[in-house]
Amino acid sequence: MDLTTVWFVIIAFLWTGYFVLEGFDFGVGMLAPVLSRGEAERRQVLTTIGPVWDGNEVWLITAVGAMFAAFPAWYAGLFSGFYLPVLLVLAGLIVRGVALEWRGKVATARERSWCDAAIFAGSGLPAFLWGAIFAAVLADSGFAALLGGVFTLALSLLHGAVFLALRTEGPVRRRARRAALTASLAAVPTGVVALSAIPAGGSPLLWAVALAAMAALASAVAFAWRRREGWAFTATAGAIALGTAALFGALWPEPLPGLTVAEAASAPYTLGVLTWIGLIALPFVLGYQGWTYWVFRKRVASAPLSKVG
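Residues numbered from 1 in each chain as written. Predicted model: local features only at pLDDT ≥ 70, side-chain atom pairs only at ≥ 80, totals over all residues. Heavy atoms only, no water.

Participant: What should I look at first to understand the nonpolar core in this one?
Facilitator: A general feature of soluble globular proteins is that nonpolar side chains tend to end up buried together. With 91 residues, the main nonpolar core has W15, F71, W74, W130 and F248 as its most contacted residues. In terms of residues, this core owes the most to one element, helix α1 (residues 3-35), which gives 17 residues. Residues in contact with F248, not counting those within four places in the same chain, are F8, I11, A12, W15, W74 and F134. (Core = buried A, V, L, I, M, F, W, Y, C linked by side-chain atoms within 4.5 Å. Buried < 20%, exposed > 50% of the residue type's maximum accessible area, 1.4 Å probe, protein only. Helix = DSSP H or I, 4+ residues; strand = E, 2+ residues; numbered from the N terminus. Contact = heavy atoms within 4.5 Å.)

Participant: What is the right way to look at the pattern of salt bridges in this model?
Facilitator: When their charged atoms lie close together, side chains carrying opposite charge are able to pair. What the rule picks out here adds up to 10 salt bridges. Measuring nitrogen to oxygen at the nearest pair gives 2.8 Å for the salt bridge that ties R43 to E39. In this pair, R43 and E39 are both assigned in helix α2 (residues 39-47), four residues apart and thus about one turn of the helix distant. The partly exposed category is assigned to E39, whose relative accessible area is 27%. Here R103 and D116 are joined by a salt bridge, their closest N and O atoms 2.5 Å apart. Placement of R103 in helix α5 (residues 83-103) and of D116 in helix α6 (residues 109-138) is noted, with a sequence separation of 13 residues between them. Residue classification places D116 among the buried positions, given a relative accessible area of 12%. Salt bridges here are not isolated pairs; linked through shared partners, they connect E39, R42, R43, R103, R112 and D116. (Salt bridge = Lys/Arg side-chain N within 4 Å of Asp/Glu carboxyl O.)

Participant: Which parts of the structure should I look at to understand a nonpolar patch on the surface?
Facilitator: A cluster of nonpolar side chains, Y83, L84, L87, L88 and L125, forms an exposed patch at the surface whose accessible area comes to about 480 Å². Its location among the elements puts L88 in helix α5. (Patch = residues over 30% accessible without salt bridge, like charges linked within 9 Å, V, L, I, M, F, W, Y side chains within 5 Å. Areas by Shrake-Rupley, 256 points an atom, 1.4 Å probe, with all protein chains shown as cover.)

Participant: Is there a simple way to explain empty space enclosed by the protein in this structure?
Facilitator: Where empty space is left becomes clear once a probe the size of a water molecule has been rolled over the atoms. Throughout the structure, instances matching the rule amount to one cavity of 30 Å³ or more. Taken as a whole, the largest cavity holds about 50 Å³ of empty space. In this structure, the largest cavity is lined by V162, A165, R177, A180, F223, A224, R227, R228, E229 and A232. Elements with a minimum of two residues in the lining of the largest cavity: α7 (142-167), α8 (171-197), α9 (204-225) and α10 (229-251). (1 Å grid on protein atoms, 1.4 Å probe; cavity = no way out; pocket = protein on both sides within 12 Å on 5 of 7 lines; lining within 4 Å. Points joined across faces, edges and corners; volume = space filled by probe spheres on them.)

Participant: Is there a simple way to explain the layout of surface pockets in this structure?
Facilitator: Counted as a void, the largest pocket has a volume near 620 Å³. Lining the largest pocket are 30 residues, and of these G131, G148, F151, T152 and I198 sit closest to its centre. Of all the elements in the fold, those that place two or more residues in the lining of the largest pocket are α1, α6, α7, α8 and α10. Residue contributions to the lining of the largest pocket peak at eight residues, all from α7. When its residues are assigned to classes, the lining of the largest pocket shows 23 nonpolar, seven polar and no charged. (Nonpolar A, V, L, I, M, F, W, Y, C, P; charged D, E, K, R; others polar.)

Participant: Help me understand the side chain of D25, please; the structure alone is not making it clear to me.
Facilitator: For D25, the position within the fold is in helix α1. Although D25 is buried, it forms no salt bridge, and the closest oppositely charged side chain is R96 at an N-O distance of 4.3 Å. Dropping the residues within four chain positions of it, D25 is found in contact with I49, W53, N56, R96 and S123. (Lys, Arg positive; Asp, Glu negative; His and termini not counted.)

Interpretation note: all reported values are geometric properties and have no functional meaning in isolation.
As structure tokens, this is what we get:
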């Protein structure tokens, strides 16, 4: 396997990690005003992502940075071709981050309500737009972009609801279970259509990955119905990972129309240097994030009075 292929796989892995981890962040941000009754429950919901949301965004920075270094033509074509939606994604992430940090510092209910609205919008906008952007890359169609956006939005809601059911106690946990089943009413049918469109005209292996993603999505709903939150979260994460794998499989070897991976790649020397940097840095990043999730693995019964971020 040459370095061009290696770095395409690495970038696919980084985007997969971002979508899996930020997926439940987005879902929690959108569900916070829906599932909580009062300030104590609102803090309980947001505390589940408080220690990890900013670390999850590092996956996006790393994925985009790797694209810029390893495939500059792909980076330039993708982000200039979708300049406005990418700008809206960044605006949503900035607004959400500021609101999560600021919410624990404000004193009035009105200011907290503005923060809650910013968290909701800053979570929903990227969740929709990322799906719309990558769907438009695969099929230059407004309907495809809309379908992709609705699917990733619904899947984020399902992923976030299952995560909340796994990480909380009391009334919020019960509402999160119901929210997961409600979100599945949109996530499953749009998922079947969207995932079926990814490997259209592709190889049998690509179809197998897309079908596995559909199976994982259906399994998540079954586990949520049986109140097996841990397995349900594993299944939603698997559905996102397999769906992303199918997406990047469909993008190989032309990540953009008329542009092959070989044409988009940096010089072999650059890819060689990047490989050594990745071999040194990536294990530390993965180890640190794994340690963070292990430390904050317990259920949240009630949120502290300190800041969420």
